[in-house]
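Descriptive analysis of the structure
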2 protein chains.
Amino acid sequence: MSVTIGVDLGGTNIVCGAVDETGSVLRKLKQPTEAHLGHSDVLGRIAAMVQSIRKELAGEHEVSSVGVGVPGLVDPQAGISRFAGNLKWHDVPVAAELESRLGIPVYIDNDVRLYIYGEAVAGAGRGFDHILGITIGTGIAAAIMIEGQFHYGYKAMAGEIGHVRMEGVEEACSCGLYGCLETVASASGMVRQARKAIQEGRKSVLADWYPSESLHLLTAADLSKAMDQGDSLATEILTRAGALNGRALAAAATVLSPEIIIVGGGGALAGERILAPLRKELYELLLPDFREGLKVVAAENNDDAGIIGSALFARHRLLS
Amino acid sequence: MSVTIGVDLGGTNIVCGAVDETGSVLRKLKQPTEAHLGHSDVLGRIAAMVQSIRKELAGEHEVSSVGVGVPGLVDPQAGISRFAGNLKWHDVPVAAELESRLGIPVYIDNDVRLYIYGEAVAGAGRGFDHILGITIGTGIAAAIMIEGQFHYGYKAMAGEIGHVRMEGVEEACSCGLYGCLETVASASGMVRQARKAIQEGRKSVLADWYPSESLHLLTAADLSKAMDQGDSLATEILTRAGALNGRALAAAATVLSPEIIIVGGGGALAGERILAPLRKELYELLLPDFREGLKVVAAENNDDAGIIGSALFARHRLLS
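Note that the coordinates shown come from a computational prediction; the quantities given were computed from them, not determined experimentally. (Residues numbered from 1 in each chain as written. Chains lettered and ligands numbered in written order. Predicted model: local features only at pLDDT ≥ 70, side-chain atom pairs only at ≥ 80, totals over all residues. Heavy atoms only, no water.)

We now examine the overall build of chain A. When helices and strands are tallied, chain A shows 11 helices and 13 strands. Taking 2.2 N^0.38 as the reference for a compact globule, 320 residues should give roughly 20 Å; the C-alpha atoms of chain A span a radius of gyration of 20 Å, in line with that estimate. The principal-axis extents of the C-alpha atoms in chain A amount to approximately 60 × 50 × 35 Å. Counting all 320 residues of chain A, 58% fall into the buried class. (Helix = DSSP H or I, 4+ residues; strand = E, 2+ residues; numbered from the N terminus. Rg over C-alpha atoms; globule rule 2.2 N^0.38 Å. Buried < 20%, exposed > 50% of the residue type's maximum accessible area, 1.4 Å probe, protein only.)

Here it is, written out as C-alpha cells:
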C-alpha cells in the first residue's frame, strides 16, 4: 500500500511520520530541529529521517510523496519558505532541496494550515464544508477551509488572527505591534503572565511548585493542573485567554460564517478550561443566526495533527 | 447585442438598469419599493420595470437574463430570499416568481455581494484576485471575492462585519446585540449621533441648518458639508466612523489577507473625510507584511454599482 510521510517542522523539534490514507500513523520519528546549524543541515536531517522511515517500511509500503508543514510565511505553489522567524529562514527552497535528496514529490505549506487540513479530512472537521481552525500554541494562528480548499489570501498570508489587536491588552508583541491576541491568549502568553504575576508576589500554588529559581520551568500544562486545584491565578489566566480567543473568533466568524470552529495546538490541551470561556464570549457576541448553527470543538488529532495533516495534504496534492 | 438587466432592490427604492458586457448602463428606471404592499406586489413591479426596459430596447438589444441584489439573507443557489428585515420578507422565491413572469433566467444574491461584484469586474477591483469590499450605508456589510468567486460561508451568511462588537461603543443595535460597528459607523449611525448631539444642545452648523422641527431632514451628506466648514461635531463623527471601520477592517484583513479593500455605499460618498481616518487606523493595526501591499480605495461605480453588479453577475451565471 502506498503511504505518504508528513513532516511537522517546529522551532524545537522535527517530527516525521508515515501516514496511511485513513490518517493512521504507521511510523514516527522525532529529532531536535537545531535551527542554529542552518537550513541545509535541517533539511538534511529531515531527508535522513524520511529515508530511515522509507527503509523501515520497504517491502510493506511504498512512500509516494512527502508533505512538510513549515512555520511562518510559505509560498505553497513554489515550495519555498518565504520567512520563518523562529528558524531564521528566508526564501529557503524547501520542496526543491528535499525532492533532489529524496527523488519523490515534496509539497509544503504553512504548518497551521496543514494542522487544520488534518483535522478537516481526518479529525474534528470531517463532513463540514466551512471550517475555521485556530491553533493556540507559542503563537496563535488560524486556517480557513472552504469545501476542501484553503483560503490562502494575498501572498498566502491569511490566518494571522494572533495579531488582531485586542482592547484592554497592552503587552508588546514580538511582531512590533502591541495588544496582539497572542501576547496574552497563547500558551506562551499565558505562561508569561503567570510567571510575571508570581514574580510580583501574587499568591498561587504555582509559586509553591516553582520557587523563584525554577520559575522558568512552569508550563501551560501546569496552569491546567493549578486551575483544577482551584488556584485563582491560573483560573484567571486561562479564563481570560479563552474569552479573548472567543472575542477574536467572534469577529472572524461574523465576517466568514464558518460552520465549525476547531481549536487545536498545545493550548487546547487545557480543554474545557479554555473552551468554556471561549464559547461563552463567542456566543455572546454573535448574531443569533450565527450562534445557532456554529459548533466549537477541540482538535481530535492533537499531538499527531501536524504530521497527519502534512501527510494527507501531500497525498491530496499528488492526486490533484 | 445581448444585454442583462440588474435590479437593485432596496428598502426605499427599486432601481432597474440594462447593462452591457463592459458594465455600461444603457437604460435605467427607478420606483419606490413600497414593501408594505407585500412581496407579490414588489416582484410584480420589478417584472413590469424589466418588461418596460425590454420593450424600449427591442430591436436593438436582447435581454438575456436578470440579476437581482436582495438585502438580507439570500440562498443564491435556490434563488430564495431567506430573510430581509427591511422588506419583511421570509422565504420568498424571488428567482422562480420573476422567471415565471419574464420567461428568462433570473439570478439573485445578496445586494452587498452584487455591489462588490460590480466593483470587482468593472470598477475599483479590476485586476485584483483577493478583494474585501465593504458598504457603508444604512448598515455596514462586507463581501469577500477570491479569484472571481464569492466567499459565501455557511448558509451564505458571510460578510456581517457591521455586527462586529466594537469596544467603547455602547449603542444598542437593531439586531439585538449592542456595540455593533454599524450602530455608530454606518451612514445612518452617523446621522443618528449628529441628531442626538444637537438635541442635547451641542453647538454645530448642523443645528443652524436644521432647527429642531426639521432635524429629521439631516442626512449623511450634510455631515460632509459641515466638516468642510470646519464643524467640530461633524468632523468628530466622520473621523470616529472612519477609525471604527478601519479597526473592524484590520481584524478582518489580518485573518483574510486581501490585496485591496473597496469602500462603497452611501457613506463612502464622504470620500477622504472617512477614508483618511479609516486608512490611518487600519494601517496602524496591521502587521508590516499586510500594511505594505494593501490598497484601500473608494468604490468607482457608486450610485450604479448595485445594478451594474447585479447585471454582470446575471451574465456570469448565465455563462457558467
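All names here are of chain A. Helix length check: helix α1 (residues 39-57) (19 residues) gives 27 Å between terminal C-alpha atoms against 27 Å at 1.5 Å per residue, within 8%. Along α1, the residues classified as buried are V42, L43, R45, I46, A47, M49, V50, I53 and L57. As for α1, its buried residues are in contact with β1 (2-9), β2 (13-19), β3 (25-32), β4 (62-70), β7 (89-92) and α2 (94-102). Backbone geometry just after α1 places G59 at a positive phi near 90°. (Expected span 1.5 Å × (residues − 1). Contact = heavy atoms within 4.5 Å.)

On to the relation of the copies chain A and chain B, then. Superposition of chain A onto chain B requires a rotation of 180° combined with a translation of 0.0 Å along the rotation axis, giving an RMSD of 0.0 Å. Considering both components of the superposition, the chain copies are consistent with a two-fold axis. A share of 100% of interface residues in chain A that are also interface residues in chain B marks the association as one of identical surfaces. (Least-squares fit on C-alpha atoms with pLDDT ≥ 70 in both.)

In this section: the interface of chain A and chain B. Of the residues lining the interface, 36 residues belong to chain A; the matching set on chain B comes to 36 residues. The junction of chain A with chain B conceals about 3200 Å² of combined surface from both sides, 69% of it contributed by carbon and sulfur atoms. Our enumeration of links across chain A and chain B arrives at 2 salt bridges. For E167 of chain A, the salt bridge identified is with R247 of chain B, shortest N-O distance 3.2 Å. Run the count over chain A and chain B and you get 10 residue pairs in polar contact (both at pLDDT 80 or more). The set of elements that each furnish at least two residues to the side of chain A that touches chain B consists of β10 (140-146), α8 (232-256), α9 (272-285) and α10 (288-293) of chain A. It is α8 of chain A that contributes the most residues to the side of chain A that touches chain B, 6 residues altogether. For the side of chain A that touches chain B, the per-class residue count stands at 20 nonpolar, 8 polar and 8 charged. (Buried area = accessible area lost by both parts, 1.4 Å probe. Salt bridge = Lys/Arg side-chain N within 4 Å of Asp/Glu carboxyl O. Polar contact = N/O pair within 3.5 Å; in protein donor to acceptor, adjacent residues only side chain to side chain. Nonpolar A, V, L, I, M, F, W, Y, C, P; charged D, E, K, R; others polar.)

This next bit is on the pattern of salt bridges. Pairing of side chains with opposite charge becomes possible as their charged atoms draw close. In this structure the tally under the stated criterion is 33 salt bridges over all chains. A salt bridge links E97 of chain A to R101 of chain A, with the nearest nitrogen and oxygen atoms 3.5 Å apart. Of this pair, E97 of chain A and R101 of chain A both sit in helix α2, 4 residues apart, which is roughly one turn of that helix. Where K280 of chain B meets E284 of chain B, a salt bridge forms, and the shortest distance between an N and an O atom there is 3.9 Å. Placement of the pair is K280 of chain B and E284 of chain B together in helix α9 (residues 272-285), with a separation of 4 residues, close to one helical turn. If you follow the salt bridges from partner to partner, you end up with D75, R82 and D91 of chain A in one network.

Now for the domain arrangement of chain A. Residues and elements named next belong to chain A. Along its sequence, chain A is carved into domain 1 (2-119 + 303-319) and domain 2 (127-299). Summarising the inter-unit geometry, the C-alpha centres of domain 1 and domain 2 are found 26 Å apart. In this complex, domain 1 contributes 12 residues to the contact, which on the side of domain 2 involves 18 residues. Approximately 1300 Å² of surface area, both sides summed, lies buried where domain 1 meets domain 2, with 72% of it carried by carbon and sulfur atoms. Considering only the side of domain 1, the residues that lose the most area to domain 2 are V112, R113 and I116, jointly responsible for 46% of the buried surface there. (Domains from an automatic or database assignment.)

The next subject is the pairing of β3 of chain A. Sheet faces and side chains relate simply in a regular strand, where the side chains alternate between the two faces. Residue and element names in this part refer to chain A. Pairing of β2 with β3, which is carried by 7 bridges, proceeds in the antiparallel orientation. Residue G17 lies in a different strand from β3, and its bridge partner there is K28. Linking two consecutive strands that pair antiparallel, namely β2 and β3, is a turn of 5 residues; a positive phi of about 95° is found at G23 within it. (Pairing = 2+ DSSP bridges.)

Before going further, it helps to examine the environment of R279 of chain A. Residues and elements named next belong to chain A. Considering the arrangement of structural elements, one finds R279 in helix α9. C-alpha separation for the pair R279 and K295, spaced 16 residues apart in sequence, amounts to 9.2 Å. Setting aside anything within four residues of it in sequence, one finds R279 in contact with E272 and V296.

Bringing the side chain of S81 of chain A into the picture now. You can see S81 of chain A is positioned in strand β6 (residues 80-84). Discounting chain neighbours no more than four positions away, the residues touching S81 of chain A are V70, L73, W89, H90, D91, V92, V94 and I108 of chain A.

We now examine the pairing of strand β8 (residues 106-110) of chain A. Residues and elements named next belong to chain A. Most of β8 sits out of view: 5 of its 5 residues are buried. As paired strands, β4 and β8 are joined by 5 bridges and run parallel to one another. Bridge assignment links G69 to a residue of β8, and that residue is D109.

So, about helix α5 (residues 187-199) of chain B. All names here are of chain B. Compared with the 18 Å implied by 1.5 Å per residue over 13 residues, the 19 Å span of α5 between its first and last C-alpha is a close match. Within α5, burial applies to A187, G189, M190, V191, Q193, A194, A197 and I198. Residues of α5 that are buried sit in contact with β9 (130-136), α4 (181-185), α6 (205-209), α7 (220-228), α8 (232-256) and α9.

According to the stated counting rule, one finds 8 aromatic pairs over all chains in the structure shown. Between Y117 of chain B and F150 of chain B, the ring centres sit 5.8 Å apart and the planes meet at 55°, which makes this aromatic pair tilted. Remark: F150 of chain B occurs in strand β11 (residues 149-150) and Y117 of chain B occurs in helix α3 (residues 111-122); sequence separation between them is 33 residues. For the pair Y117 of chain B and F150 of chain B, a shared accessibility class is recorded, and that class is buried. Between the aromatic rings of F150 of chain B and Y152 of chain B, the centroid separation amounts to 5.5 Å while the plane-to-plane angle is 70°, which identifies the pairing as edge-to-face. Three or more aromatic residues joined by ring pairs form one cluster here, namely Y117, F150, Y152 and F313 of chain A. Here R165 of chain A stacks its cationic end above the ring of Y178 of chain A, 4.0 Å away from the centre of that ring. (Phe/Tyr/Trp six-rings, centres within 6.5 Å; stacked < 30°, edge-to-face > 60°. Lys NZ or Arg CZ within 6 Å of the ring centre and 35° of its normal.)

As a further point, take the sheet that holds strand β12 (residues 260-264) of chain B. Working definition: the strands of a sheet are paired by backbone hydrogen bonds and lie parallel or antiparallel to each other. All names here are of chain B. The strand order β11-β10-β9-β12-β13 describes an open sheet built from 5 strands, whose pairing is mixed. Two strands in the sheet have a free side with no partner beyond their single neighbour: β11 and β13 (295-298). Sheet topology places β9 next to strand β10 (residues 140-146); 7 bridges connect them, and they run antiparallel. Bridge assignment links L132 to a residue of β10, and that residue is I144.

For the rest of this paragraph, the subject is the nonpolar core. One finds I161 of chain A together with I161 of chain B to be the most contacted residues of the largest nonpolar core, which totals 117 residues. Beyond its immediate stretch of four places on either side in the chain, I161 of chain B contacts T254 and V255 of chain A together with I134, I140, A141, A142, L181, A248, L249 and A252 of chain B. (Core = buried A, V, L, I, M, F, W, Y, C linked by side-chain atoms within 4.5 Å.)

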